[in-house]
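Coordinate analysis (summary)
So the chains spell out like this:
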Amino acid sequence: MDAQALGNEITRVVHTADELAERINQIAKEIDIDYADLDQPLLLVGVLKGAVMVMADLARAVSIPVHMDWMAVSSYGSGTKSSGVVRIIKDLDIDLIGRHVLIVEDILDTGLTLSWLIKNLKSRGPKSIEVMTMLRKPEAVKVEVPTKYLGFDIPNEFVVGFGLDYAEQYRNLDSVAVLSPHVYQG
């Protein structure tokens, strides 16, 4: 879906589809170098549902062997701000013991959910855990989260597209765009 098709629902495009693709390809090259000598495939752990687009594009862009698994956690409900209370909706199927794990996220907002997730996954015995997030809102961060791979820093505005949603809409927007306040404020 193209942002122009949404009319006044979008305030502005923050990053185009081409910019997102270019940055994912750059990150994939870094991952290829950093994990070149593994004795087993790197485990990509995508955080549902927002990271679906990032995870798919990243997995196709890397040239090293990877395994993929998915975890769904929530701290948002249907609102626009994190509640800070994290719950597991879907857990991993793959055992993490002795694995090199790369958490793939769509956005780092407050850091509360991702910080909780890292602690949870570390308790499962992986060899290493790193984080790749496509977007980060530095002004919104409440808990510092070590991020090895970062797509872009963005302003502290409510964005949609490239997997990010509002009430399950806009995920298939090919860019990242600021959602007009009139859409989510009624």
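Our structure is the block above this text.
First, a word on scope: everything that follows refers to the structure included in this document. As the structure is a prediction and not an experimental result, all values here were calculated from the model. (Residues numbered from 1 in each chain as written. Predicted model: local features only at pLDDT ≥ 70, side-chain atom pairs only at ≥ 80, totals over all residues. Heavy atoms only, no water.)

A word on the overall build of the chain. Across its full length, the chain holds four helices and nine strands. When the helices and strands of the chain are placed in sequence order, the string is β-α-β-α-β-β-β-α-β-β-β-β-α. Along the three orthogonal principal directions, the C-alpha set of the chain runs to about 50 × 35 × 25 Å. Classification of the 186 residues of the chain by burial places 48% in the buried group. A fraction of 67% describes how many contacts in the chain between residues 6 or more apart in sequence connect residues 24 or more apart. Carbon and sulfur atoms form 50% of the exposed surface of the chain, whose accessible area is close to 9,100 Å². (Helix = DSSP H or I, 4+ residues; strand = E, 2+ residues; numbered from the N terminus. Buried < 20%, exposed > 50% of the residue type's maximum accessible area, 1.4 Å probe, protein only. Contact = heavy atoms within 4.5 Å. Areas by Shrake-Rupley, 256 points an atom, 1.4 Å probe, with all protein chains shown as cover.)

Right, let's talk about the nonpolar core for a bit. Proteins that are soluble and globular tend to have nonpolar side chains buried together. If you look at the biggest cluster of nonpolar residues, it comprises 29 residues, and the most contacted ones within it are Ile31, Leu58, Leu102, Met132 and Met134. Elements that contribute at least two residues to this core include exactly α1 (17-34), β2 (42-48), α2 (52-61), β5 (100-108), β6 (128-136), β7 (149-153) and β9 (176-179). A total of five residues in this core trace back to one element, the largest contributor, which is α1. With residues up to four places along the chain from it excluded, the contact list for Met132 reads Ile27, Val54, Leu58, Leu102, Ile103, Val104, Glu105 and Tyr149. Core analysis: the next-biggest nonpolar cluster, separate from the first, contains 18 residues, Val47, Met71, Leu121 and Ile129 among them. (Core = buried A, V, L, I, M, F, W, Y, C linked by side-chain atoms within 4.5 Å.)

Below, the discussion takes up the sheet that holds strand β1 (residues 10-15). The three strands are arranged β1-β9-β8 in an open sheet whose pairing can be described as antiparallel. The open sheet is flanked by β1 and β8 (159-160), the only strands paired with a single partner. The pairing of β1 with β9 spans four bridges and is classified as antiparallel. Opposite His15, over in β9, you have Val176 as the bridge partner. (Pairing = 2+ DSSP bridges.)

Judged by side-chain charge, Asp2, Asp18, Glu19, Glu22 and Asp174 come together as a negatively charged surface patch. Relative to the assigned elements, Asp2 resides in the segment before β1. On the basis of relative accessibility, which here comes to 40%, the residue Asp2 falls in the partly exposed class. (Patch = residues over 30% accessible without salt bridge, like charges linked within 9 Å, V, L, I, M, F, W, Y side chains within 5 Å. Salt bridge = Lys/Arg side-chain N within 4 Å of Asp/Glu carboxyl O. Lys, Arg positive; Asp, Glu negative; His and termini not counted. Charge placed at Lys NZ, Arg CZ, Asp CG, Glu CD.)

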